[in-house]
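# Architecture and fold: a report
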Amino acid sequence: MDGGIPAALDETVEPELAEIAALCAGVVRYIDEAGHRYIYMEGLRFMVRGAEHQMDAMLCLNYPNGSYPTRLYLTANLGLGLNWNGTAYLLARQWFTWSWQGVSPNQRPMAILAGHLEAFR
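Residues numbered from 1 in each chain as written. Predicted model: local features only at pLDDT ≥ 70, side-chain atom pairs only at ≥ 80, totals over all residues. Heavy atoms only, no water.

### Section: the overall build of the chain
- Across its full length, the chain carries two helices and six strands.
- Helices and strands appear in the chain in the N-to-C order α-β-β-β-β-β-β-α.
- Taking 2.2 N^0.38 as the reference for a compact globule, 121 residues should give roughly 14 Å; the C-alpha atoms of the chain span a radius of gyration of 14 Å, in line with that estimate.
- Summarising its shape, the C-alpha atoms of the chain cover approximately 35 × 35 × 30 Å along the three principal directions.
- The buried share of the chain, taken over its 121 residues, is 44%.
- Sequence-distant contacts in the chain: of pairs separated by 6 or more residues, those separated by 24 or more amount to 37%.
- Counting only carbon and sulfur atoms, one obtains 49% of the accessible surface of the chain, whose full area is about 6,300 Å².
- Charged side chains of the chain number 8 positive and 12 negative; the gap between the two group centres comes to 8 Å. (Helix = DSSP H or I, 4+ residues; strand = E, 2+ residues; numbered from the N terminus. Rg over C-alpha atoms; globule rule 2.2 N^0.38 Å. Buried < 20%, exposed > 50% of the residue type's maximum accessible area, 1.4 Å probe, protein only. Contact = heavy atoms within 4.5 Å. Areas by Shrake-Rupley, 256 points an atom, 1.4 Å probe, with all protein chains shown as cover. Lys, Arg positive; Asp, Glu negative; His and termini not counted. Charge placed at Lys NZ, Arg CZ, Asp CG, Glu CD.)

### Digging into the packing of aromatic side chains
- Throughout the structure, instances matching the rule amount to three aromatic pairs.
- One aromatic cluster is present, formed by Phe 46, Trp 98 and Phe 120 through successive ring pairs.
- If you follow Arg 71 out to its NZ or CZ, it ends over the ring of Tyr 68, 5.1 Å from the centre. (Phe/Tyr/Trp six-rings, centres within 6.5 Å; stacked < 30°, edge-to-face > 60°. Lys NZ or Arg CZ within 6 Å of the ring centre and 35° of its normal.)

### So, the environment of Asn 106
- Mapped onto the elements, Asn 106 comes out in the loop between strand S6 (93–97) and helix H2 (109–117).
- Through-space distance from the C-alpha of Asn 106 to that of His 53 is 27 Å; in sequence the pair is 53 residues apart.

### A few points about the nonpolar core
- Counting residues in each nonpolar core, the largest one holds 29 residues, and the members touching the most others are Met 41, Leu 74 and Phe 120.
- Secondary structure elements with two or more residues in this core: helix H1 (18–21), strand S1 (28–33), strand S2 (36–48), strand S3 (51–60), strand S4 (71–74) and H2.
- In terms of residue count, S2 provides more of this core than any other element does, five residues in total.
- Met 41 has contacts with Ile 20, Cys 24, Val 27, Val 28, Met 55, Asp 56, Ala 57, Met 58, Leu 59, Leu 72 and Leu 113, leaving out every residue within four places of it along the chain.
- Of all hydrophobic cores here, the second largest spans nine residues; its members include Tyr 38, Tyr 40, Met 58 and Ala 88. (Core = buried A, V, L, I, M, F, W, Y, C linked by side-chain atoms within 4.5 Å.)

Take a look at the structure:
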């Protein structure tokens, strides 16, 4: 994150990712890896039980599971009594995810992200 252009100021941010970029301290962009489409979010700022957190995140827009068609990956397991049942090694990093259903891929990216962040309220 050091030395990078804040995503909100980066002219290369896709228009549909501008809302997400406003929540991030760094780069926000699409990444395709292993047949999946992700939104990479550097320094995503979000609330967890009333406290602000910031960490890198990846949002999978086409997870191959009918019950879990989207997934949010974080660089840390936040606990919170959630079922943290998944890890992935993407972009040369380990990521953590939890079991969270009901976030449809048929929405704009910000709505998908908000659906996943709802778990931390």
